[in-house]
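# Report on the structure
Single-letter residue listing:
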Amino acid sequence: MRGIIKTILLTVCLLMGSKSLLGQELGHPRVYVTNEEKEAFVKAVKTVEWKKELIDNKKQRLEKYIQYWEKDAEWMVSRLQMNWKTKHDKVYLKGGDFSHSEGSAPVPTVRYSGTRDWATDYKRPKLEAVEPYFDDPRGLYLEHKDTGKKEWIHPSKAGFAIEKINDEIMGLVADAAFLYWFTGERKYAEFAAPVFFKYIDGMYHRDAPIDLENSTQQKISGLATFEVIHEGVVIPLVTTYDFLYAYFKAENRDLSTASAVFQKWGDQIIKNGIPDNNWNLFQARFLTYIALVLESNATYENGKGREYYLDYTFTISTDRQIAVSESLNVYDQETGIWPECPTYSVHVITTLLKIFTLLDHGTNRNEISKYPILEKAVLSSFQYLFPSGYMIGAGDGGHKILPPENFELLIANYRKYHQKEKEKLISGFLSEFMSAGLYERKAKDFFNLFFYVDTIVDSKADLEALTTPTFYAPNISMFNQRMGQGNNAVMLSTVGSYGNHAHANGISIELFANNYVLGPDSGKGPSYWHPTFRNYYARMPAHNTVIVDGKSDYNNMRTYHPFSLDDSFPKSGESTVFDKVTFSKVSFVEPETVSDQQRFSAIIKTNADKAYVVDVFRSRKQNGGKQKHEYIYRNIGQTLDVQDVGSNGLEFQKTNDLSSEHGDLKGYDFFSDKRKASTSKDVNAVFTLKEDDKPNNVMKLWVKGSENQTIYKVKAPNSNALSEGTAPKSILKDSLQTLIVKRDEAAWANPFSVVFNPYVEGEANTVENVSFSALKDYPHTQIIDVSLSDKISSDRIVVNASELDIAKTDGMYQKGLLSIIRTSKNDGKLEFMFLSGVSKMDYKDWTIIASGAPVTLSIEKVGEGYEVQNNKPVTINLPYKQGDKRATISIYEDGRIVATKNAVLNRNNSNLQYFKLEKNYDKVIIAQ
């Protein structure tokens with residue numbers, strides 16, 4: 001791929017005329033728009049309200065500062081954060097904090113940011129409150145957020161205040177530059193030029209920072225900020241230069257310093273950073289801006305022009321900056337998933353689309369089409385969504401919608417290259433977002449203004465068609481299950497810890513039901529360096545998981561502790577005829593305590609189209625001995641009531657348990673109002689969410705009892721993952737009611753078994769009763785009996801620890817992982833039988849025998865017969881009465897009958913007839 005971009009650019013002409021993108025005399029502006037495109041753009045602004053609105057807003061926002069400037073020509077320049085008096089040219093850091101600056105330059109130099117950590121106790125002042133030419137050896141004089149009093153502080157305590165003030169100023173300058181190009185009014189250029197050159201000259205005479213500790217910080221620092229990916233000031237600087245280029249030339253301004261600063265910035269971005277995650281692409285976006293605004297290599301003595309930086313963006317990899325063409329191979333080519341938590345993953349898509357959109361504006365060679373993985377990634381991102389249209393909150397993420405910008409940029413590309421069907425499809429998705437109230441079509445910045453199409457075509461799309469009952473992304477250790485639609489929709493997201501921006505969460509879940517994420521993840525903390533994040537939000541106690549000995553832990557951020565997906569139904573990305581069950585069984589070794597953990601989670605739909613969730617969590621230390629295991633689940637709502645199965649309230653006492661004082665993780669110290677009760681009985685834990693003018697939203701947990709078990713009710717810190725799309729606004733900052741079930745022994749043969757039963761008060765509750773049982777002679781078996789409130793049906797779920805385990809009761813023999821059998825309460829007749837990972841199953845007059853490997857099989861009553869689906873060869877024995885007509889089967893493939901067979905009498909049991917399925921089939925119908 002090396003040199004491809006150069007070859008393309010040498011042969012392609014721009015819309016602005018016959019000048020090659022690499023030619024010596026390209027015009028400005030060219031990054032967002034060209035002068036040849038101006039007439040069409042101005043015409044569009046007159047008719048497209050959202051474009052006009054953005055420009056009007058920019059004018060209005062800028063007018064106040066123009067008036068200040070007209071009264072005082074130095075007003076805006078003087079607010080820049082510079083070393084006005086000292087003119088220091090050297091910057092020194094201590095790891096992620098600013099230490100000091102020193103040296104001397106001939107001009108004031110740009111101040112460096114205060115710290116890598118954006119969390120701060122101090123307010124950033126508005127521009128009007130910034131002291132002119134501020135440069136004081138005492139540090140910064142800022143208002144404390146809590147006390148309201150101003151204090152002298154070291155810059156390292158100020159978060160991003162310094163860089164953000166400069167960013168804000170340069171954003172205004174870029175707006176003025178654009179308005180000069182758009183309106184031709186000189187006041188905008190005269191306002192912008194002095195500020196631009198003051199900043200440029202100040203950066204030209206200042207060195208890149210040096211870390212006194214020579215830590216990893218040295219390899220990630222930018223020129224203005226602690227991370228090259230936060231060098232956002234590059235964009236308004238490039239924008240200003242591009243739009244004011246003609247003005248600068250007319251005024252005979254020397255632009256060599258500006259070019260040198262852009263080169264200096266590009267070199268720093270290439271030299272520093274992190275090459276193998278989102279950083280690499282955020283860096284590449286800045287490099288693209290720098291490359292496109294510079295002239296060709298031949299213009300500069302050092303040869304570092306447009307071709308040079310485009311090559312380092314797209315085709316040349318270095319230790320700290322992997323080429324974009326190579327970075328795209330990081331995607332899982334099968335699933336289209338990027339190996340970072342969902343919130344970061346979707347913004348990687350945005351960044352890539354922006355990079356290729358900018359490049360394509362110059363080449364007109366449909367750059368996006370060269371990388372089909374981008375389109376796949378956009379569509380695969382729907383698999384992150386809860387039924388409400390918001391993303392799961394795993395890792396350093398939160399419940400946000402997919403970035404509409406991803407769809408807008410694809411639409412723009414499809415329209416540019418006349419791909420009408422693709423445009424219509426993607427426009428439909430965007431229209432659905434808009435009709436659902438998730439997105440209002442407005443421009444936020446220049447990228448939107450120049451690259452979004454004026455209007456989108458009128459079309460509809462089925463968002464649900466882009467999700468499947470289950471979806472597994474191994475490169476982020478995520479398995480999502482979905483069931484039902486509308487008010488009946490239930491979703492369970494199971495996550496491990498793999499990829500970037502992941503947490504130490506073991507095997508954690510988020511649970512959606514009743515239109516909310518009732519069981520949320522906790523999300524991220526105030527910042528990645530804040531003690532609250534490091535000790536709680538990124539650690540096990542903040543997640544719906546099981547902790548061993550109070551110590552389960554490992555590094556967060558970039559982690560390599562995924563679960564193993566042992567079994568699931570349906571297989572990821574597939575839909576099946578049988579739609580009553582989804583499940584996953586995943587395994588994990590907790591590294592701190594070297595403990596085996598296994599989580600079986602299923603969603604089971606009732607005949608009323610409601611669903612409940614079964615969760616069986618096994619956990620044991622590999623070396624045995626004394627141990628404790630704590631099952632943690634948090635739910636939104638104001639109250640948590642716990643009763644035993646006899647509806648007797650438990651006597652909860654205040655406790656000092658669950659504390660670092662007792663050897664537990666520091667994360668336990670974030671729990672408050674801790675109360676405990678001991679009981680060996682099954683219990684019901686009822687979480688209630690109360691909203692004005694709405695019936696109560698209830699999550700009822702049926703929890704298996706056990707000896708040596710303690711029940712805790714605590715309050716956990718609020719979830720930063722929740723948003724108005726996944727919980728009521730009124731409770732977003734509330735503590736989370738949390739249930740903790742502690743077992744003072746291994747929880748493997750006797751696992752945590754829980755049934756989640758969501759319902760809305762005043763509406764039908766699908767579950768009437770749940771009971772748990774085990775088999776003395778078969779210690780790995782859990783039996784869960786669920787009586788459904790329709791008074792017609794009951795479910796029996798038999799879960800073993802593995803496909804090799806056996807369970808045996810009167811009327812039932814199971815060798816294998818799982819069986820779910822629904823029967824009629826009245827006559828005991830089979831409504832459906834679902835088996836997975838099973839070698840042999842005897843149930844009353846049915847016998848199922850896998851022909852080789854364990855089988856997944858569903859048998860569901862339909863009319864006078866049964867509908868069957870199997871994934872492997874199997875023999876099915878079904879009841880037969882002497883003298884009755886033999887059963888017949890019809891075998892379907894691709895929606896049509898391909899064969900019919902008669903059942904054969906079982907020679908060992910005349911009350912059974914059987915047939916063999918020699919391979920997996922889409923559907924088989926048994927007629928009796």
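Each value, and the rule that gives it
Numbering of residues begins from 1 in every chain and follows the order in which that chain's sequence is written. Predicted model: local features are reported for residues with pLDDT of at least 70 only, side-chain atom pairs are reported and counted for 80 or more only, and whole-chain, interface and lining totals are derived from all residues. The basis for the side-chain values is all heavy atoms of the structure; hydrogens and waters are excluded. One bridge is not enough; two strands pair if DSSP finds at least two bridges between them. Numbering of helices and strands runs from the N terminus, with a helix taken as a DSSP run of H or I at least four residues long and a strand as a DSSP run of E at least two residues long. Convention adopted: a line fitted to C-alpha atoms gives each axis, helices being fitted over their contacting stretch, and angles between N-to-C directions are expressed from 0 to 180 degrees. Each residue is assigned to one of three classes by its accessible area relative to the maximum for its type, calculated with a 1.4 Å probe on protein chains only: buried under 20%, partly exposed between the two thresholds, exposed over 50%. Using only the protein atoms, space was sampled on a 1 Å grid; points where a 1.4 Å probe fits but cannot get out form cavities, open sets with protein on both sides within 12 Å along at least five of seven lines form pockets, and lining residues are those with an atom within 4 Å of a point. Grid points are joined across faces, edges and corners, and a volume is the space filled by probe spheres set on the points. Polarity classes work like this: nonpolar for Ala, Val, Leu, Ile, Met, Phe, Trp, Tyr, Cys and Pro, charged for Asp, Glu, Lys and Arg, and polar for all others, with Gly in that last group. pLDDT is defined as a per-residue confidence score from the predictor, taking values between 0 and 100. The contact rule is simple, with two residues in contact once any of their heavy atoms fall within 4.5 Å. To pair, rings of Phe, Tyr and Trp, with the six-membered ring standing in for Trp, must have centres within 6.5 Å; the planes then decide the type, stacked if under 30 degrees apart, edge-to-face if over 60, and tilted in the middle. Ring-over charges, as used throughout, are those where CZ of Arg or NZ of Lys falls within 6 Å of the ring centre and within 35 degrees of the ring normal. We call two directions roughly parallel when the angle between them is under 35 degrees, roughly antiparallel when it is over 145, roughly perpendicular when it lies between 65 and 115, and oblique otherwise. What the arc describes is the spread of directions from the helix axis to the C-beta atoms. Note on convention: the crossing is left-handed when the near helix lies turned anticlockwise from the far helix by less than a right angle, right-handed when the turn is clockwise. Just to be clear on terms, a salt bridge is a Lys or Arg side-chain nitrogen sitting within 4 Å of an Asp or Glu carboxyl oxygen.

The strands making up a sheet associate through backbone hydrogen bonding, with each pair oriented either parallel or antiparallel. Here we have five strands laid out as an open sheet, ordered 8-9-10-12-13, and antiparallel in their pairing. Either end of the sheet is taken by a strand with one partner, and the two such strands are strand 8 (470-473) and strand 13 (516-519). Put simply, the sheet's adjacent strands are angled 20 degrees from each other on average, direction ignored. Of the pairings in the sheet, the one linking strand 9 (residues 478-483) to strand 10 (residues 490-495) comprises six bridges and is antiparallel in character. Within strand 10, the position partnered with Met483 by the bridge is Val490.

Most of strand 19 (residues 611-621) is tucked away, with 10 of its 11 residues classed as buried. Alignment of strand 18 (residues 595-605) against strand 19, held across 11 bridges, turns out to be antiparallel. Counted as the bridge partner of Ser601 is Asp615 from strand 19. A loop of five residues connects strand 18 with strand 19, the two strands running antiparallel in sequence, and Asp609 in this loop sits at a positive phi of about 70 degrees. Pairing of strand 19 with strand 28 (residues 747-760) involves six bridges; the strand directions are antiparallel. Considered in strand 28, the bridge of Phe617 is made with Phe752.

Moving on: empty space enclosed by the protein. All told, the structure shown has eight cavities of 30 Å³ or more when counted by the stated rule. For the largest cavity, the calculated volume is near 110 Å³. Considering the residues around the largest cavity, the lining is formed by 17 residues, among which Cys341, Ala394, Gly395, Ile476 and Gly496 are closest to the centre. Among the residues forming the lining of the largest cavity, the class breakdown is nine nonpolar, seven polar and one charged.

Another point: the sheet that holds strand 2 (residues 90-94). Strands sit in the order 3-2-7 across an open sheet of three strands; the sheet is mixed. Looking at the sheet topology across the chains shown, the edges are occupied by strand 3 (97-102) and strand 7 (210-211). Pairing of strand 2 with strand 7, which is carried by two bridges, proceeds in the parallel orientation. Each residue of the ladder has a partner; that of Leu93, found in strand 7, is Asp211.

This part covers the confidence of the model for the protein. Interpreting fine coordinate detail is not advised for predicted regions of low pLDDT. Looking at the protein as a whole, its pLDDT mean stands at 94, while 97% of the residues score no less than 70. Here residues 1-20 is modelled with pLDDT under 50, and outside its nearest four sequence neighbours on either side it reaches 53 contacts, counting other chains as well.

Now for the packing of aromatic side chains. Counted according to the given criterion, the structure contains 70 aromatic pairs. For the pair Tyr308 and Tyr312, a centre-to-centre distance of 4.9 Å together with 50 degrees between the ring planes defines the contact as tilted. With Tyr308 and Tyr312 both in helix 10 (residues 306-314) and four residues apart, the pair spans about one turn of that helix. Taking the relative accessible area as the measure of exposure, Tyr308 reaches 22% and is therefore partly exposed. For Tyr312, a relative accessible area of 19% corresponds to the buried category. Each ring, one from Phe569 and one from Phe578, has its centre 6.4 Å from the other, and the planes form 45 degrees; the classification is tilted. Note on accessibility: Phe569 and Phe578 belong to one class, buried. Cluster of aromatic residues (ring-pair linked, three or more members): Tyr32, Phe41, Phe178, Trp181, Phe182, Phe243, Tyr289, Phe446, Phe447, Phe450 and Phe451. Its guanidinium or amino end placed over the ring of Trp748, Arg620 lies 4.0 Å from that ring's centre, counting from NZ or CZ. Positioned above the aromatic ring of Tyr892, the side-chain terminus of Lys923 is 4.5 Å from the ring centre.

A separate point is unusual backbone geometry. Omega for the peptide link from His28 to Pro29 comes to -5 degrees, which places this bond in the cis form. One can find Pro29 in the loop between helix 1 (4-11) and helix 2 (38-47). That bond from Phe569 to Pro570 is cis: its omega, -15 degrees, falls within 30 degrees of zero. The residue Val594 is not glycine, and still its phi comes out positive at about 50 degrees. Considering the arrangement of structural elements, one finds Val594 in the loop between strand 17 (581-590) and strand 18. On the basis of relative accessibility, which here comes to 40%, the residue Val594 falls in the partly exposed class. Unlike most non-glycine residues, Asn708 shows phi in positive territory, near 60 degrees. Here Asn708 is to be found in the loop between strand 25 (697-703) and strand 26 (709-716).

Before going further, it helps to spend a moment on the pairing of strand 9. Of all six residues in strand 9, six are buried, a share of seventy percent or more. On strand 9, burial covers both faces: Met478, Asn480 and Arg482 on one face and Phe479, Gln481 and Met483 on the other are all buried. Here four bridges tie strand 8 to strand 9, and the two strands are oriented antiparallel to one another. Residue pairing for strand 9: Ala473 is matched across the bridge by Met478. The turn joining strand 8 and strand 9, which pair antiparallel and follow one another in sequence, is formed by four residues; a positive phi near 50 degrees is taken by Ser477.

With that settled, consider the packing of helix 2 against helix 3 (residues 49-71). Relative to each other, helix 2 and helix 3 sit at 100 degrees, their axes nearing to 6 Å. Taken together, the axis directions place helix 2 and helix 3 in an arrangement best described as roughly perpendicular. The residues of helix 3 that touch helix 2, namely those facing Phe41, Ala44, Val45 and Thr47, are Glu49, Lys51, Lys52 and Ile55. In the contact of helix 2 with helix 3, the residues fall into four nonpolar, one polar and three charged.

Where helix 2 is concerned, the buried positions are Phe41, Ala44 and Val45. Down the axis, helix 2 shows its buried residues gathered within 105 degrees of arc, on one side only. Opposite the buried face of helix 2, by more than 90 degrees, sit the exposed residues Glu39, Ala40, Lys43, Lys46 and Thr47. Where the residues of helix 2 are buried, they touch helix 3, helix 5 (161-183) and helix 16 (446-451).

In this section: the packing of helix 5 against helix 7 (residues 234-250). Running from N to C, helix 5 and helix 7 cross one another at 30 degrees; their axes reach a closest spacing of 8 Å. As far as their axial angle goes, helix 7 and helix 5 are roughly parallel. Note that helix 5 runs across helix 7; the crossing there is left-handed. Residue-level inspection shows Met170, Gly171, Val173, Ala174, Ala177, Phe178, Tyr180 and Trp181 of helix 5 in contact with helix 7, the latter providing Pro236, Leu237, Thr239, Thr240, Phe243, Leu244 and Tyr247. When the residues that make up the contact of helix 5 with helix 7 are grouped by side-chain class, the tally is 12 nonpolar, three polar and no charged.

What follows is about the environment of Thr216. In this fold, Thr216 is placed in the loop between strand 7 and helix 7. C-alpha of Thr216 to C-alpha of Arg907: the two residues are 691 residues apart in sequence and 74 Å apart in space.

Let us look at the pattern of salt bridges. Applying the stated criterion to the full structure yields 49 salt bridges. Across the pair Arg61 and Asp175 runs a salt bridge, and its minimum N-O distance is 3.1 Å. Of the two residues, Arg61 sits in helix 3 while Asp175 sits in helix 5, which places them 114 residues apart along the sequence. Linked through salt bridges whose partners overlap, the residues forming this network are Asp579, Lys580, Lys605 and Glu860.

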